[in-house]
Amino acid sequence: MIDASPCPLELVDDGGLVLRAGGDAPSRLEVEPPEVCAAHPGRCRWVGSVTAVGPLLAAIVDGPESELPVDVWLGAALGGERMTFVDLWWSDPSVVDRTEVGPVYALAPALCGDSLVLRPAPRLPEAEHLEAPALLVELSGEYVVQDGALTRAGPAPSGACEPVAIELP
């Protein structure tokens with residue numbers, strides 16, 4: 001459930017995943033989940049937020065042998081009719097007490113005006129001693145839905161940006 005005034009949004013399986021709103025003008029948005037969530041729906045937890053660019057939905061993928069996340073994806077439709085996802089965890093996982101805890105850095109979503117932007121951000125304390133991986137720096141920038149996929153369109157627009165209010169691991 002995503003809290004959205006005046007009516008909440010709900011993720012339901014309606015012959016395929018759908019983000020649905022009730023109220024006087026019911027609406028629905030088709031959700032094309034990440035492949036791992038489609039193949040193993042029980043391994044994915046969902047959190048979301050309604051933003052100025054529309055609803056955003058994060059798929060947190062739990063490991064097959066533990067409840068610790070092994071991947072995180074961000075979904076957006078950005079005005080389209082279908083929500084698609086981009087992977088936020090691109091670097092090698094860190095290991096604590098012989099348990100993989102995900103990457104030190106990840107892509108973090110922000111809103112810059114009416115643009116969705118992903119930027120490298122530290123996730124774990126050891127990040128203070130490391131630079132963001134070059135791949136994450138390359139992947140950072142403004143994202144749009146193009147040819148049915150959420151893809152990088154170019155560098156982030158200039159101006160003030162606000163982090164997206166989704167609690168990510």
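The structure we're discussing is the one just above.
Calculation criteria
- Residues numbered from 1 in each chain as written.
- Predicted model: local features only at pLDDT ≥ 70, side-chain atom pairs only at ≥ 80, totals over all residues.
- Heavy atoms only, no water.
- Phe/Tyr/Trp six-rings, centres within 6.5 Å; stacked < 30°, edge-to-face > 60°.
- Helix = DSSP H or I, 4+ residues; strand = E, 2+ residues; numbered from the N terminus.
- Buried < 20%, exposed > 50% of the residue type's maximum accessible area, 1.4 Å probe, protein only.
- Disulfide = S-S within 2.5 Å.
- Pairing = 2+ DSSP bridges.
- Core = buried A, V, L, I, M, F, W, Y, C linked by side-chain atoms within 4.5 Å.
- Contact = heavy atoms within 4.5 Å.
- Salt bridge = Lys/Arg side-chain N within 4 Å of Asp/Glu carboxyl O.

S.K.: Residue-level account of the packing of aromatic side chains, with values.
M.R.: Evaluated as defined, the whole model comprises one aromatic pair. With a centroid separation of 5.9 Å and 65° between ring planes, the pair formed by Trp46 and Phe85 is classed as edge-to-face. Taken together, the residues span a long stretch of sequence, with Trp46 in strand β4 (residues 44–51) and Phe85 in strand β7 (residues 82–87) at a distance of 39 residues. Taking the relative accessible area as the measure of exposure, Phe85 reaches 11% and is therefore buried.

S.K.: Can you explain the state of the cysteines? Please cite residues and give values.
M.R.: Taken as a whole, this structure holds two disulfides when the rule is applied. Note that Cys112 is cross-linked by a disulfide to Cys161, the S-S spacing being 1.8 Å. With the S-S bond torsion at 105°, the cross-link from Cys112 to Cys161 turns out right-handed. On the criterion of sequence distance, the pair formed by Cys112 in strand β10 (residues 105–112) and Cys161 in the loop between β13 (149–154) and β14 (162–163) is long-range, its members being 49 residues apart.

S.K.: How would you summarise the pairing of strand β5 (residues 54–62) if you had to cite specific residues and measurements?
M.R.: Burial runs high along β5: eight of the nine residues are buried. For β4 and β5, the ladder comprises eight bridges, and the chain directions are antiparallel. Looking across to β5, one finds that Val47 is bridged to Ala58. In this antiparallel pair of consecutive strands, β4 and β5, the connection spans two residues. Where β5 meets strand β6 (residues 69–76), seven bridges bridge the pair, whose relative direction is antiparallel. Bridge assignment links Asp62 to a residue of β6, and that residue is Pro69.

S.K.: Summarise the side chain of Ser140; cite the residues concerned and give the values.
M.R.: Of note, Ser140 is situated in the loop between α2 (134–139) and β12 (141–146). A residue is classified by how much of its surface remains accessible, and Ser140, at 17% relative accessible area, is buried.

S.K.: Outline the sheet that holds β13, supporting the account with residue identities and numerical values.
M.R.: Spatial strand order, β13-β12-β11-β10-β14: five strands in an open sheet with antiparallel pairing. Only two strands of the sheet have a single neighbouring strand rather than two, namely β13 and β14. Pairing geometry for β10 and β14, over two bridges, is antiparallel. Bridging across to β14, Ala110 finds its partner in Pro163.

S.K.: I'd like to hear about the nonpolar core, residue by residue, with values.
M.R.: Leu56, Leu74, Leu88, Leu107, Leu116, Leu118 and Tyr143 are the most contacted members of the largest nonpolar core, which totals 25 residues. Residue assignment for this core shows that the elements contributing at least two residues are β5, β6, β10, β11 (115–122) and α2. Setting aside residues no more than four positions away along its own chain, Leu116 makes contact with Leu56, Leu74, Ala76, Leu78, Pro109, Ala110, Leu111, Gly141, Glu142, Tyr143 and Leu150. If you look at the next biggest cluster of nonpolar residues, it comprises 13 residues, including Val31, Val61, Ala77 and Met83.

S.K.: So what's going on with the pattern of salt bridges? Which residues, and what values?
M.R.: Oppositely charged side chains can pair when the atoms bearing their charge come close. One pass over the structure, following the stated rule, counts four salt bridges. With its nearest N and O atoms 3.7 Å apart, the salt bridge here joins Glu10 to Arg20. One end of the pair, Glu10, is in strand β1 (residues 9–13); the other, Arg20, is in strand β2 (residues 17–21), with ten residues separating them in the sequence. Residue classification places Glu10 among the partly exposed positions, given a relative accessible area of 34%. Notably, a salt bridge pairs Arg82 with Glu32, separated by 2.9 Å at the nearest N-O pair. Remark: Glu32 occurs in the loop between β3 (27–31) and α1 (35–39) and Arg82 occurs in strand β7; sequence separation between them is 50 residues. In this structure, a network of salt bridges that share partners links the residues Glu30, Glu32 and Arg82.

So far we have only geometry, and geometry alone does not tell us how the molecule works.
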